[in-house]
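Listed here are the chains, written in short residue letters.
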Amino acid sequence: MTSERYDFIAIGSGLAGLAFALEAAEHGTVCVITKAEADNANTSFAQGGIAAAVGEADSWELHERDTLVAGAGICDPAAVRFLVQNAPSAIDWLLEVGTRFDESPKGELSLGLEGGHSRKRIVHYKDKTGAEIERAVIAAVRAHPNVHVLEHAFVTELLVHKGRCVGAAAMIEGLGLTAFYARATLLATGGCGVMYQHTTNPRVATGDGIALADGAGAKVANMEFMQFHPTTLYHPQLRGYLISEACRGAGGTLRNHFGKRFMYDYDERLELAPRDIVARAIDAEMKRLQTWCVYLDLAHLAPGKVEEEFPTIYAKLKSVGLEFDKEWAPIVPAQHYSCGGVATDLDAKTSVPGLYAAGEVASSGVHGGNRLASNSLLEAIVYARAGAAAAASEPELGEALPKPTQPRCMAETDSVQLRRALQHAMTERVGIVRTTAGLREAAKEIERLIKEYDSKTGAPYSPYPLETRNLLLAARHVVSGALSRGENVGLHFNSDLI
């Protein structure tokens, strides 16, 4: 077993991990540890943009109000205010590191509108904002002499000494188990969408940070609030492909199999209602008519507008024979974002000293019961930068540090079966609409699968089984949170509580 020392560690290479690394690098050495390639993160898949009150007719007070409304009354008001007040400086920071954003003919930032927002405040780059941000921030990180990026390294545990997180252990491709010691460690591992059969998340979103925090004794909160994106493509060649909220902001409408614009029957805000309301409306319409999808209609927009504003989506749909500017796109909701996670304060500190969390893995209190569109990239920057500033004050490490333990793996073939069983249980019983009986059955199934995993360890190291166990541990938090939530609020909807 080998070991390395840094001042700071960031686990994950999405926007939160990279922003933390850049800021922390001004105070010491940083290692960014990621289990795949550095750009293989949820950030790269974000289409719509990043919310910030930078328009003349906008204010942080309006952004705050919209966030609180979308959060269904259970946001942390202090966390929301901290987020929205720091939003303009987050945009400035992104511009400073080389991010490109769309501009008006006057050279001002071009601002889009998305569901739940009362003003145009979505700063964007075409329909691939996340990929552009990731490109710019990775370039800045790689150019910084104090930051080392380690790819294809799977973190297996957090190292805790006398109640303090002092680093992490990782299996490195070709090198084996290595201990990474640091005075501050940031979890920035993203989401856990792979626990569902249908998700917009990349395959690396396996709840690793939730499981790591769980193992270290950190508090995990609000995992029952699982956001389902209303509009993902229903097509055998592109199942789950995300069609940005911005398409509805540009005038897209939702229609059922009879061509009726059905959102009139569900919410006065129509297609621009918050995501939980739109997703439940689609789910209800599909069940009412016993159909497999509904449709997103942009065919009525001005000629050329769809291709101009959404070139990536337009080209992607055209590659499977769908002309988005001329015909309706079949869509269904799919798991998209986890609003809960590792509980943190305004400095991104968790309940374990020395351990921080930012981005989708964290529960900062910003999202409450439902995340407002395009607040996710913003949260990642604001709280990662706050975490880096706080981490600079963490004490130096001593010499007596714990050694990592070998990870316990089951055979890959067995873990494939466990993962499929989990995905089926979560999709059928812990989806958009839940029941108490269904949640209890899911809880029982998850415990059975965890027990089966633990009884079959002893196989050679492989990341896939470890990811599967991480998914099981994260799913346990989702279901237990849903069972203990005694009211329908935000993204949690139990039909037995009506």
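Everything below is about the structure printed above this text.
First, a word on scope: everything that follows refers to the structure included in this document.

About the thresholds
Residues numbered from 1 in each chain as written. Predicted model: local features only at pLDDT ≥ 70, side-chain atom pairs only at ≥ 80, totals over all residues. Heavy atoms only, no water. Helix = DSSP H or I, 4+ residues; strand = E, 2+ residues; numbered from the N terminus. Rg over C-alpha atoms; globule rule 2.2 N^0.38 Å. Buried < 20%, exposed > 50% of the residue type's maximum accessible area, 1.4 Å probe, protein only. Contact = heavy atoms within 4.5 Å. Areas by Shrake-Rupley, 256 points an atom, 1.4 Å probe, with all protein chains shown as cover. Lys, Arg positive; Asp, Glu negative; His and termini not counted. Charge placed at Lys NZ, Arg CZ, Asp CG, Glu CD. Salt bridge = Lys/Arg side-chain N within 4 Å of Asp/Glu carboxyl O. Pairing = 2+ DSSP bridges. Axes fitted to C-alpha atoms, helices over the stretch in contact; angles between N-to-C directions. Parallel < 35°, antiparallel > 145°, perpendicular 65-115°, else oblique. Nonpolar A, V, L, I, M, F, W, Y, C, P; charged D, E, K, R; others polar. Core = buried A, V, L, I, M, F, W, Y, C linked by side-chain atoms within 4.5 Å.

Our next topic: the overall build of the protein chain. The number of helices and strands found in the protein chain is 14 helices and 19 strands. On C-alpha atoms alone, the protein chain measures out to a radius of gyration of 22 Å, which is about the 23 Å that the 2.2 N^0.38 rule sets for 498 residues. The buried share of the protein chain, reckoned over its 498 residues, is 60%. The contacts of the protein chain with a sequence gap of at least 6 include a subset with a gap of at least 24, amounting to 74%. Carbon together with sulfur atoms contributes 50% to the accessible area of the protein chain, which is approximately 19,100 Å² in total. In the protein chain, 49 side chains carry a positive charge and 60 a negative one; their mean positions are 4 Å apart.

Turning next to the pattern of salt bridges. Overall, the coordinates contain 34 salt bridges when judged by the stated rule. Salt-bridge contacts for Arg255 lead to Asp297; the nearest nitrogen and oxygen are separated by 2.9 Å. Pair noted here: Arg255 is in strand β14 (residues 253-255) and Asp297 is in strand β15 (residues 294-297), with a separation of 42 residues, a long-range link. Close ionic contact of Arg269 with Asp267 constitutes a salt bridge, the shortest N to O distance being 3.0 Å.

Moving on, we get to the sheet that holds β15. The 4 strands lie next to each other as β13-β16-β15-β14, forming an open sheet whose pairing is antiparallel. Edge positions in the open sheet fall to β13 (226-233) and β14, since each of these has one partner strand only. The mean inter-strand angle of the sheet, taken between neighbouring strand axes irrespective of direction, is 45 degrees. Sheet analysis places β13 next to strand β16 (residues 329-338), joined by 6 bridges and oriented antiparallel. Looking at β16, one finds that His229 is bridged to Ala334. Its contacts with the sheet place helix α8 (residues 275-289) against β13, β14, β15 and β16, and it is angled at close to 60 degrees to β13.

Here we take up helix α2 (residues 60-70). Here α2 has its buried residues at Leu62, His63, Glu64, Asp66, Thr67 and Ala70. On the buried face of α2, the contacting elements are β4 (50-51), α3 (77-85) and α11 (376-391). Directly beyond the C-terminal end of α2, a positive phi value near 60 degrees is found at Ala72.

The next subject is the sheet that holds strand β2 (residues 8-11). Strand order in the open sheet formed by 5 strands is β7-β3-β2-β11-β18, with parallel pairing between adjacent strands. Of all strands in the sheet, those bounded by a partner on one side alone are β7 (147-150) and β18 (355-357). Between one strand and the next, the sheet's axes are offset by a mean angle of 20 degrees, whatever the strand orientation. Pairing between strand β11 (residues 184-187) and β18: 3 bridges, direction parallel.

Let us look at the side chain of Asp283. Inspection of the secondary structure puts Asp283 in helix α8. Aside from chain neighbours lying at most four places away, what touches Asp283 is Ile432 and Val433.

Counting buried positions over the 9 residues of helix α6 (residues 208-216) gives 7, a clear majority of the element. Buried residues of α6: Asp208, Gly209, Ile210, Ala211, Leu212, Ala213 and Ala216, and no others. On its buried side, α6 packs onto β8 (153-161), β11, β12 (220-221), β17 (341-343) and α14 (463-484). Phi turns positive, to about 85 degrees, at Gly217, one or two residues after α6.

Contact pair α3 / α11: the axes reach a minimum separation of 9 Å and the direction vectors enclose 100 degrees. Between α3 and α11, the angle falls in the class roughly perpendicular. For the pair α3 and α11, the contacting residues are Ala79, Phe82 and Leu83 in the first and Leu378, Glu379, Val382, Tyr383 and Ala386 in the second. Class assignment for the residues of the contact of α3 with α11 results in 7 nonpolar, no polar and 1 charged.

The biggest cluster of nonpolar side chains holds 61 residues, and the ones touching the most others in it are Leu158, Phe180, Leu187, Met195, Leu422 and Met426. The element that contributes the greatest number of residues to this core is α14, accounting for 9 residues. When neighbours within four sequence positions are excluded, Met195 is seen to be in contact with Leu422, Gln423, Met426, Leu471, Ala474, Ala475 and Val478.

Our focus in this paragraph is unusual backbone geometry. In this structure, Lys126 takes a positive phi of about 50 degrees despite not being glycine. Note on placement: Lys126 falls in the loop between β6 (122-123) and α5 (129-143). By relative accessible area, Lys126 is classed as partly exposed at 36%. The backbone phi angle of Ser374 is positive, close to 65 degrees, even though this residue is not glycine. Within the secondary structure layout, Ser374 lies in the loop between β19 (362-363) and α11.

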